[in-house]
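Examination of the molecular architecture
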Amino acid sequence: RYVLNFDKISLQVTGINLPQCIKSFTEAELCPLLLENIKIAGYEKPTPIQKGAISVILAKRDLIACAVTGSGKTVAYLVPVMNILLEQCVTPYRGTVQKPEVVIVAPTNELAIQIHRESCKFTINSELKSVLFCSDASVTGLQPSNIQAGYNILVATIGHLKDFLDQGFFDFSCVKFLIFEKLDEIINMGFGLDIKKIAEHSTMPQKGVRRTCMVSSTFSEAIQALAAVYLDDHIFVTSSIVCD
Ligand code: ADP
């Protein structure tokens, strides 16, 4: 696997009323439990995209994070999102109607599995539960039979999610964070209309409850069009490799 040298990645943050970027995880004043889990994961300092994006999400602002694969984008939104959930002392839902607070939408099974694994690193010893919803039968994920067990964070592939959304399997009325991962890939796969469906199915951003985050390695016109409709006063965080 190709490993990026994080010291050779630049950071640009644009938007209005920008929150201060962080230089270390401790500076972000994260919950002690989360700091401990970051340590267990072996992450000593934030990557450039994390330095920019963590404070944006902690400030409850909408975000576009645009950087190459491997630059730490997934961790950049998972850490602040988990911190906000932990601070709210969320307990898992135990009713028969399940209402996830975080929905992370990915283009492929492989990426969804990877995000879920990353998410589980931060839920250790917490009340939070991350579940995986994809079409890969070899991984144990969320099923109609175990939905009653309760969860907070849903990591799903767009293809699988859209079918079940139509069947009324999910209630997204309590979604606080809606995150589209590799949005460029999701659009290229022809799921543009399903993005709209998921966004419209979720808590309305006007209520001031839901924040939306778009993660991508490119910033195409299609993404800009979606951002114009579904993001509110967003901040754009981008990082690129610096050549010697
Ligand atoms: P992206 O979403 O941009 O592809 P990831 O968030 O998946 O990047 O991170 C890429 C790799 O770098 C993963 O193996 C992850 O565990 C690791 N990683 C992420 N953040 C850090 C960090 N702050 N320090 C060290 N490694 C990190």
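Residues numbered from 1 in each chain as written. Predicted model: local features only at pLDDT ≥ 70, side-chain atom pairs only at ≥ 80, totals over all residues. Heavy atoms only, no water.

Side note on the site of the ligand
Quick note on the threshold: Each residue is tested against the molecule or strand, and it is near if at least one of its non-hydrogen atoms lies within 4 Å. Whenever a nitrogen or oxygen atom comes within 3.5 Å of another N or O atom, the pair is scored as a polar contact, on the condition that within protein one atom can donate a hydrogen and the other can accept it, and that pairs from neighbouring residues in sequence are kept only if both atoms are in side chains. Computed by Shrake-Rupley with a 1.4 Å probe, the accessible areas treat only the displayed protein chains as cover when residues are assessed. Only DSSP runs of H or I covering at least 4 residues are called helices, and only runs of E covering at least 2 are called strands; the numbering of each starts at the N terminus. Polar here means any residue other than Ala, Val, Leu, Ile, Met, Phe, Trp, Tyr, Cys and Pro, which are nonpolar, and Asp, Glu, Lys and Arg, which are charged; Gly is therefore polar.
Close to the ligand lie 17 residues; Tyr43, Lys45, Gln50, Gly70 and Thr74 are nearest. At 2.5 Å from an oxygen atom of the ligand is found a side-chain nitrogen or oxygen belonging to Tyr43. Between the ligand and the protein, one listed contact pairs an oxygen atom with a side-chain N or O atom of Lys73 at 2.9 Å. For the ligand, whose accessible area on its own is 560 Å², the fraction buried by protein is 81%. Elements that contribute at least two residues to the shell around the ligand include exactly helix H3 (73-87) and helix H4 (109-123). Classifying every residue of the shell around the ligand by side-chain character gives 6 nonpolar, 7 polar and 4 charged.

Considering the pairing of strand S3 (residues 102-106)
The cut-off we apply is this: Think of it in three bands: residues with accessible area under 20% of the maximum for their type are buried, residues over 50% are exposed, and the middle band is partly exposed, with areas taken using a 1.4 Å probe on protein chains only. When DSSP finds at least two bridges between two strands, those strands are taken to pair.
Among the 5 residues in S3, 5 count as buried, and that is most of the element. In S3, alternate side chains face the same way, and those of Val102, Ile104 and Ala106 on one face and Val103 and Val105 on the other are all buried. Inspection of the sheet shows S3 paired to strand S5 (residues 153-157) by 5 bridges, in the parallel sense. Note on S5: the bridge partner recorded for Ile104 is Val155. In terms of strand pairing, S3 meets strand S6 (residues 177-180) through 4 bridges, oriented parallel. Residue pairing in the sheet places Val105 in a bridge with Phe180 of S6.

Side note on H3
Note the following rule: To estimate how far a helix should extend, the number of its residues minus one is multiplied by 1.5 Å.
If you check H3, its first and last C-alpha atoms are 22 Å apart, about what 15 residues at 1.5 Å a residue would give, namely 21 Å. The buried count for H3 comes to 14 of 15 residues, which makes it a mostly enclosed element.

Digging into the confidence of the model for the protein chain
Operational definition: Looking at any residue, its pLDDT shows the predictor's confidence there, from 0 to 100.
For the protein chain, per-residue confidence averages 87 on the pLDDT scale, and residues scoring 70 or more make up 87% of the total. In the predicted assembly, ipTM is 0.98 and pTM is 0.92.

Considerations on the environment of Lys196
Along the polypeptide, Lys196 turns up in helix H7 (residues 192-201). On the accessibility criterion, Lys196 (35% relative accessible area) is partly exposed. Along the chain, Lys196 and Val229 lie 33 residues apart, while their C-alpha atoms are 9.3 Å from each other.

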